[in-house]
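Tertiary structure, described
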Amino acid sequence: MGEVKQLSVSAIRNGTVIDHIPADSLFSVINILGLEHITTQITFGTNLDSKKFGKKGIIKVSDIYFTEQEINKIALVAPAARLNIIRDYEVVEKHQLTIPDEIEGIVKCFNPSCVTNHEPVRTRFRIISKNPLRLKCHYCEKITDEEHLTII
Ligand code: CTP
Ligand code: ZN
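Nothing here was measured: the structure is a model prediction, and the numbers come from that model.

**Digging into the coordination of the zinc ion (ligand 2)**
For the zinc ion (ligand 2), the full set of protein donor atoms is C109 (SG), C114 (SG), C137 (SG) and C140 (SG), and the range of their distances to it is 2.3 to 2.4 Å. Here the zinc ion (ligand 2) binds four donor atoms, and the angle range of 101 to 115° at the metal identifies the geometry as tetrahedral. Within one chain, the residues serving as donors to the zinc ion (ligand 2) are arranged as C-x4-C-x22-C-x2-C. One end of the pair, C109, is in the loop between β6 (102–104) and β7 (124–130); the other, C140, is in the loop between β8 (133–137) and β9 (143–145), with 31 residues separating them in the sequence. According to the relative accessible area criterion, C109 is buried, its value standing at 3%.

Below you can see the structure in the form of structure tokens.
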């Protein structure tokens, strides 16, 4: 008898699977996507064995398809994650996440005196480095780095 291959988390019929999430980023991704507000079926697993990461996390959300803005947010905390769109049990799209060159309204500016922390101005950054992540504010020109990253 051959090796039995089992899914650790069941397959879904329709929706989104975010796979290859580094295990230590799983809960950040859950928070960023606001999954606590979703009323459709959600399953997730973490510390699952992965050839690529050693340990990985996975999130499966039924009947939900995220916007580009939401996907970009995931890329900031888990750039290696992969997003799969499932329709009728089939993977119909597979997206590699990419950190965009510019981001708007996702991250808080680290500078307490920045206008975006005092007025209702949407934050805007240019990504000056992706690894480690370094974001330059369009308004105050201060750098927000990975260590001080706060997702709005
Ligand atoms: N998946 C699912 N429900 C389905 C189909 C797929 O939950 N009906 C999940 C799989 O468990 C997997 C992901 O979606 O975690 C991607 O599926 P697939 O491309 O078939 O898996 P792999 O080839 O292992 O993908 P990758 O190369 O990204 O590891
Ligand atoms: Zn700023």
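**Some remarks on the sheet that holds β7**
The sheet built from four strands is open, its strands ordered β6-β7-β8-β9 with antiparallel pairing. Unpaired on one side and paired on the other, β6 and β9 mark the two borders of the sheet. Each strand of the sheet is rotated relative to its neighbour by a mean of 30°, with strand direction disregarded. For β8 and β9, the ladder comprises three bridges, and the chain directions are antiparallel. Considered in β9, the bridge of R134 is made with D145.

**Some thoughts on the packing of aromatic side chains**
The full count for this structure, using the stated rule, is one aromatic pair. Between the aromatic rings of F27 and F44, the centroid separation amounts to 6.0 Å while the plane-to-plane angle is 85°, which identifies the pairing as edge-to-face. Within this pair, whereas F27 is found in helix α1 (residues 26–32), its partner F44 is found in strand β2 (residues 42–50), the two being separated by 17 residues in sequence. We note R87 situated over the ring of Y65; from NZ or CZ to the ring centre the distance is 4.4 Å.

**Digging into the site of ligand 1**
Neighbouring ligand 1 are 14 residues, the closest being I12, H20, K60, Y89 and K94. One of the backbone N or O atoms of I12 is found 2.7 Å from a nitrogen atom in ligand 1. K94 places a side-chain nitrogen or oxygen 2.8 Å from an oxygen atom of ligand 1. Within the complex, 67% of the 590 Å² of free accessible area of ligand 1 lies under protein. For the shell around ligand 1, the secondary-structure elements that each account for two or more residues are β1 (15–22), β3 (54–62), β4 (82–87) and β5 (90–96). When the residues that make up the shell around ligand 1 are grouped by side-chain class, the tally is eight nonpolar, two polar and four charged.

**Some remarks on the sheet that holds β1**
Strand order in this open sheet of five strands is β2-β3-β1-β4-β5, and the pairing throughout is antiparallel. The outermost strands of the open sheet, each flanked by one partner alone, are β2 and β5. Geometrically, the sheet is characterised by an average inter-axis angle of 20° between neighbouring strands, direction not taken into account. Two strands pair when backbone bridges link them, and β4 and β5 are joined in this way by six bridges, in the antiparallel orientation.

**Topic: helix α2 (residues 68–77)**
Considered for burial, the residues of α2 that qualify are I71, N72, K73, I74, A75 and L76. Where α2 is buried, its residues meet β1, α1, β4, β6 and β8.

Calculation criteria
Residues numbered from 1 in each chain as written. Chains lettered and ligands numbered in written order. Predicted model: local features only at pLDDT ≥ 70, side-chain atom pairs only at ≥ 80, totals over all residues. Heavy atoms only, no water. Donors = N, O, S within 2.8 Å, 3.2 Å for Na, K, Ca; no water. Tetrahedral: all angles 85-135°; square planar, octahedral: opposite > 155°, others 65-115°. Helix = DSSP H or I, 4+ residues; strand = E, 2+ residues; numbered from the N terminus. Buried < 20%, exposed > 50% of the residue type's maximum accessible area, 1.4 Å probe, protein only. Pairing = 2+ DSSP bridges. Axes fitted to C-alpha atoms, helices over the stretch in contact; angles between N-to-C directions. Phe/Tyr/Trp six-rings, centres within 6.5 Å; stacked < 30°, edge-to-face > 60°. Lys NZ or Arg CZ within 6 Å of the ring centre and 35° of its normal. Near = heavy atom within 4 Å. Polar contact = N/O pair within 3.5 Å; in protein donor to acceptor, adjacent residues only side chain to side chain. Areas by Shrake-Rupley, 256 points an atom, 1.4 Å probe, with all protein chains shown as cover. Nonpolar A, V, L, I, M, F, W, Y, C, P; charged D, E, K, R; others polar. Contact = heavy atoms within 4.5 Å.

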